[in-house]
Amino acid sequence: MTGGWQPTMALLRAALVSALLAVVAVLVGRIDLLVLATPLVVHAVAAVVRRPSTPPATGSSLGLTALREGEGTQVRVRLTDAAEVEHAVVQLNRHRWTALRPANGVVGCTPARRQPTLELCVAVASLRWGRRPVGDGLVGGVSSWAGYQWGPVRLPTRTVTTLPLPGRFDSRAPAPHPIGLVGTNPARRPGEGSEFASIRPWHPGDRLRRVQWRVSLRTRELHVTSTVAEEDASVLLLVDSGTEVGVSEGVHGAASTLDTAVRAAGAVAEHYLTRGDRVGLRVLGATRRNAVSTSSGRRHLRVVLDTLASVVPGESRHVDPGRLRFRISAGTVVIVLSPLLSDTAVATTTTLAARGLDVVVVDTLPEDLRVGDDPRLLLAWRMRTLERDEVVTRVRRAGIPVVPWRGPGTLDQILVRLARRRAAPVGVRR
Amino acid sequence: MSVSRDLAGVLDRIALSSTQQQVLRAGVLVGTLLLLGLVPVGEGTFHPVLSMGVLVIAVLVAALPESHVGVALLLALAGLWVVAGPDRLDGRLLVAAALLGAIHLCATLAAVGPSGHTLGRELLRLWGRRAALCLAATVAVWLAARAVSLLDLPASGTAVGAALVLLLAWVTFLTVRFARPGR
């Protein structure tokens, strides 16, 4: 690896062989050797005459630093002081879960005229959420007549943040316990909203447009239509990153449990945040950037997706659930996205439920998980599955609903059931 | 652009090479074979051992076009021509010089860029013109050499050598004047 111009092997070969042939021709008196040497002499002389003087300077940049899964950008390699470069080549290294175009990452450029600046572009796509290294590789060039070569010069590694492509998610069920001031979820108290509550006699302070004229004429008394107040809900997403099962094949292939969890978390966050609700995030098993406080808005969605993109599988498996501090306000719905294979996730889930919070577990373990063909591996996985079934049963017995991730409507029934449970009268022992 | 010394790396690069690079590598082999076949034609003699050695070197050059082995190949071919080739300035010499230049050109282009790189048409066209220039210069030297031999000068090695060196200098001067990049 060098930053200056060096003679190529072709120039050395042409110069050396032609010189030797000329010397032998003169010494031995073989004129035919001079004829043999002529093409090499021409090449050597032409290359030496066009000897470059200034080595180019390199710089690389990314078209976009943040992408969604499956989206692409360009790695631009820029050569300045490149007037003496006849042909430049860049070769980018290939990494897992990234795709290059051309597939081998090699792109060449031959400027038609002497250009002081050359730009070589390689298209790169990220196939899985996370922080993906791109742009590292080598760049080099040759001078006129391939006489001198510059480089290869190493290109620095850039990082492209790949935001998870949210899975399809939609929920028509209202939040079971809206606690905010404004929003779209019908609250339990009457107030200004669009959801019909009842028709009641007029009270001072009621708006004129609320008057229900038909009922008022029939009863000879002013009646108004009352509505239920609409409030926003608070949702905490708990992503279990301590365990990852399955092989991730990127956005177009099979998904691991963590893929499902991250994409589902992104989908749920996007759904609730675009509705005006507040969403928080906690990553179980992450050592840094493991929490996003509850907030709302489009900008907050980007923060949540950015944090999800920084999830590292199995970064920290030894999390003490007793030491975890969740700053959760009452009424928050906690959605745990986990394959329920780690004790930490199970203990955290049951702890939060014991605090009286509405906890829903979204099971991210796919039903058609492939673990290989080894019979011993299959047996071990079968035993692990039996243990997990027992854990799931225990969690359900604790009153925590467990639902598999199915995309749209995954949480509908559960949220409706939780809302009914909240609205039901609570028996008090006297 | 860099010479990999381990066998696995060499095999990897051969496997990853583009079709164009494979054609250029094959060009080295084909050119060598043609030149080896040209040596024993007419008054030349066939040296199986030397020819086999040259062929082995050619295979190495085809596998490693950017390596030093290319020097050995050209020297071996020229040496074989001196030892076994006809000492005559006929058309075969011109063909041999063109083949030697073609082998060198194929090895040069095959070494440009990493494995899998494909040279663009513009660059190939440019190199085509350069090859024609080299061939034209070779024909000029060949004609000059034939003219000198027809003069039937007295056997003075020094005079002939000096004359040829002067001729070579003249060719070099012409090359410097006319061989400009991009033409």
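All of these numbers come straight from a predicted model, not from anything done at the bench. (Residues numbered from 1 in each chain as written. Chains lettered and ligands numbered in written order. Predicted model: local features only at pLDDT ≥ 70, side-chain atom pairs only at ≥ 80, totals over all residues.)

A count of helices and strands for chain A gives eight helices and 20 strands. Counting the 430 residues in chain A, one finds 45% classified as buried. Here the analysis covers contacts within chain A between residues at least 6 apart in sequence; of these, 73% occur between residues at least 24 apart. (Helix = DSSP H or I, 4+ residues; strand = E, 2+ residues; numbered from the N terminus. Buried ≥ 20, exposed ≤ 12 C-beta atoms within 10 Å, placed from the backbone. Contact = placed C-beta atoms within 7 Å.)

To continue, consider the nonpolar core. If you look at the biggest cluster of nonpolar residues, it comprises 76 residues, and the most contacted ones within it are Leu237(A), Val239(A), Ala265(A), Ile335(A) and Leu337(A). The element best represented in this core is helix α4 (residues 257-274) of chain A, accounting for 10 residues. Both of domain 2 (57-163) and domain 4 (234-423) of chain A provide at least three residues apiece to this core. Beyond its immediate chain neighbours, meaning those up to four positions away, Leu337(A) contacts Leu237(A), Leu238(A), Val239(A), Asp240(A), Ala261(A), Ala264(A), Ala265(A), Val362(A) and Thr364(A). Counting 70 residues, the second-largest nonpolar core is a separate cluster that includes Ala146(A), Leu73(B), Ala96(B) and Ala97(B). (Core = buried A, V, L, I, M, F, W, Y, C linked by C-beta atoms within 7 Å. Domains from an automatic or database assignment.)

If you look at the interface, chain B gives 55 residues, while chain A gives 46 residues. Every element with two or more residues in the side of chain B that touches chain A is listed here: α4 (69-84), α5 (91-110), α6 (121-150) and α7 (157-178) of chain B. Counting residues per element, the side of chain B that touches chain A draws most heavily on α6(B), at 12 residues.

With that out of the way, let us pick up helix α1 (residues 9-28) of chain A. Residue and element names in this part refer to chain A. Between its first and last C-alpha, α1 extends 28 Å over 20 residues, near the 28 Å set by a 1.5 Å rise per residue. Among all positions in α1, only Met 9, Ala 10, Leu 11, Arg 13, Ala 14, Ala 15, Val 17, Ser 18, Leu 21, Ala 22, Ala 25 and Val 26 are buried. Where α1 ends, the next residue or the one after it, Gly 29, has phi of about 85°, a positive value. (Expected span 1.5 Å × (residues − 1).)

This part covers the sheet that holds strand β5 (residues 87-92) of chain A. Residue and element names in this part refer to chain A. As summarised here, the arrangement of the five strands in space is β1-β11-β10-β5-β7, forming an open sheet in which the pairing is antiparallel. With partners counted over all chains shown, the strands left at the sheet margins are β1 (5-7) and β7 (106-109), one partner each. Taking the axes of each pair of neighbouring strands and ignoring which way they run, one obtains an average angle of 25° across the sheet. (Pairing = 2+ DSSP bridges. Axes fitted to C-alpha atoms, helices over the stretch in contact; angles between N-to-C directions.)

By convention, interface size is frequently given as the accessible area that disappears when the constituent parts associate. Residues and elements named next belong to chain B. Parsing chain B into structural domains produces domain 1 (1-118) and domain 2 (120-183). Across the contact, eight residues belong to domain 1 and 10 residues belong to domain 2. Here the side of domain 1 that touches domain 2 is composed, by residue class, of seven nonpolar, one polar and no charged. (Nonpolar A, V, L, I, M, F, W, Y, C, P; charged D, E, K, R; others polar.)

What follows covers the environment of Val54(B). Along the chain, Val54(B) turns up in helix α3 (residues 48-63). Excluding its chain neighbours within four sequence positions, the residues that come into contact with Val54(B) are Thr32(B), Leu36(B), Ala76(B), Leu77(B) and Leu80(B).

What you tend to see is this: most non-glycine residues have negative phi, and most peptide bonds are trans. Residues and elements named next belong to chain A. Each neighbour pair has its own omega, and for Arg 101 with Pro 102 the value is 0°, a cis peptide bond. Note that Pro 102 resides in the loop between β6 (98-101) and β7. Residues other than glycine seldom take positive phi values, yet Trp 145 does so here, at roughly 60°. Within the secondary structure layout, Trp 145 lies in the loop between β10 (137-142) and β11 (148-155). Its 27 C-beta neighbours within 10 Å are what place Trp 145 among the buried residues.

Next up on the list: helix α7 (residues 375-397) of chain A. Residues and elements named next belong to chain A. The first and last C-alpha atoms of α7 sit 33 Å apart over 23 residues, in line with the 33 Å expected at 1.5 Å per residue. The element α7 is largely exposed, with a buried count of one among its 23 residues. Two residues or fewer after α7 comes Gly 399, characterised by a positive phi angle close to 90°.

With that settled, consider the confidence of the model for chain B. Detailed reading of the predicted coordinates is not advisable wherever pLDDT falls low. Here chain B averages 83 in pLDDT, while 82% of its residues score no lower than 70. Predicted complex metrics record ipTM = 0.85 and pTM = 0.75. (pLDDT = per-residue confidence, 0-100.)

Attention now goes to the packing of α1(A) against helix α2 (residues 31-49) of chain A. All names here are of chain A. Contact geometry of α1 with α2 gives a least axis separation of 8 Å together with a crossing angle of 150°. Seen from above, α1 lies across α2 with left-handed handedness. Residues Leu 11, Ala 14, Ala 15, Val 17, Ser 18, Leu 21, Ala 22, Val 24 and Ala 25 of α1 lie in contact with α2, whose contacting residues are Ile 31, Leu 33, Leu 34, Leu 36, Ala 37, Leu 40, Val 41, His 43, Ala 44 and Ala 47. Looking at the contact of α1 with α2, its residues break down into 17 nonpolar, two polar and no charged. (Left-handed = near helix turned anticlockwise from the far one by under 90°.)

This part covers the sheet that holds strand β9 (residues 130-134) of chain A. All names here are of chain A. Spatially, three strands are ordered β3-β12-β9 in an open sheet, and the strand pairing comes out mixed. The sheet terminates laterally at β3 (66-68) and β9, the two strands that pair on one side only. Between one strand axis and the next, the sheet turns by 35° as a mean value, whatever way the strands run. Here helix α5 (residues 298-309) sits on the sheet in contact with β9 and β12 (158-163), set at roughly 120° to β12.

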